[in-house]
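# Residue-level structural notes
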Amino acid sequence: MIEMKKYNGGINGIPQFEEQKSMWNSLLIDFVAAKSPAIEEYVTQLGKCYINGSVKYGCFKLGDSEVLDWYCSRNRLKEMQFFRKVWEQEPIKSFFNLSDICDDSNKAFKWSSPFLLGGSLAWVLDGGGPYEKPDWGGAISKELGEKAALELIANDYEDSVVITCNLAWCSFFLDVAWDCTWVVLNKKTRLLHVLMATDTD
């Protein structure tokens, strides 16, 4: 498990607002084009159900930052407005074509667990969209969800954090009943996985 990182600055070793601001202005983020067959299959199958909407997945590598490490290693990302600020960063913003990001998006994201991720993915897939449903039983949805979750977590349950949202926090979403965001961050590797889905009737 990742150890809590120290920060050689701030007040009593705690990063302050100006240091957070400086981090967001300088943080380097790279798109990662990894082969993820189980995730791709999940995206494909959910996309067949979300015929009026969109399903998109991207993986990104967050650059080195003592400030980020301090918050990340303590599971205190929301205190640095992570789920508001990260969506403004390139290449994430361009990849998902994000706009009209809600000022309260940081509050909309909720902590989950890597142990629940597969079930969450399976539940959404098995429920389908407003007009299309999978033509198989729940066991196959569960299998597809669990396989995708294993790739997202990479068998690292200790260092992976899972955060979800079911609200329309930006213009990507159609703001009905099928808005889903899953975020998986590995605190050690700084790999950030983002899966977004939306549909409408």
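### Structural notes on the nonpolar core
- In terms of nonpolar packing, the biggest core is built from 36 residues, with Phe82, Trp87, Ile92, Leu98, Trp169, Leu192 and Met196 touching the most fellow members.
- Elements with a contribution of two residues or more to this core: helix H1 (17-26), strand S2 (54-62), helix H3 (66-73), helix H4 (82-85), strand S4 (160-165), strand S5 (180-186) and strand S6 (191-198).
- If sequence neighbours within four positions are ignored, Leu98 has contacts with Trp87, Ile92, Lys93, Trp169, Cys170, Ser171, Phe172 and Met196.
- Listed in part, the 25 residues of the second largest apolar core include Leu125, Ala149, Trp178 and Ala197.

### Brief notes about unusual backbone geometry
- In the segment running from Glu90 into Pro91, the intervening peptide bond is cis, with an omega of 5°.
- The topology assignment puts Pro91 in the loop between H4 and helix H5 (92-95).
- The backbone of Asn97 sits at a positive phi, close to 55°, despite the residue not being glycine.
- By secondary structure assignment, the location of Asn97 is in the loop between H5 and helix H6 (105-108).
- For Asp175, which is not glycine, the phi torsion reads 60° and is therefore positive.
- Residue placement: Asp175 occurs in the loop between S4 and S5.

Reading the values: rules and limits
Residues numbered from 1 in each chain as written. Predicted model: local features only at pLDDT ≥ 70, side-chain atom pairs only at ≥ 80, totals over all residues. Heavy atoms only, no water. Core = buried A, V, L, I, M, F, W, Y, C linked by side-chain atoms within 4.5 Å. Buried < 20%, exposed > 50% of the residue type's maximum accessible area, 1.4 Å probe, protein only. Helix = DSSP H or I, 4+ residues; strand = E, 2+ residues; numbered from the N terminus. Contact = heavy atoms within 4.5 Å.

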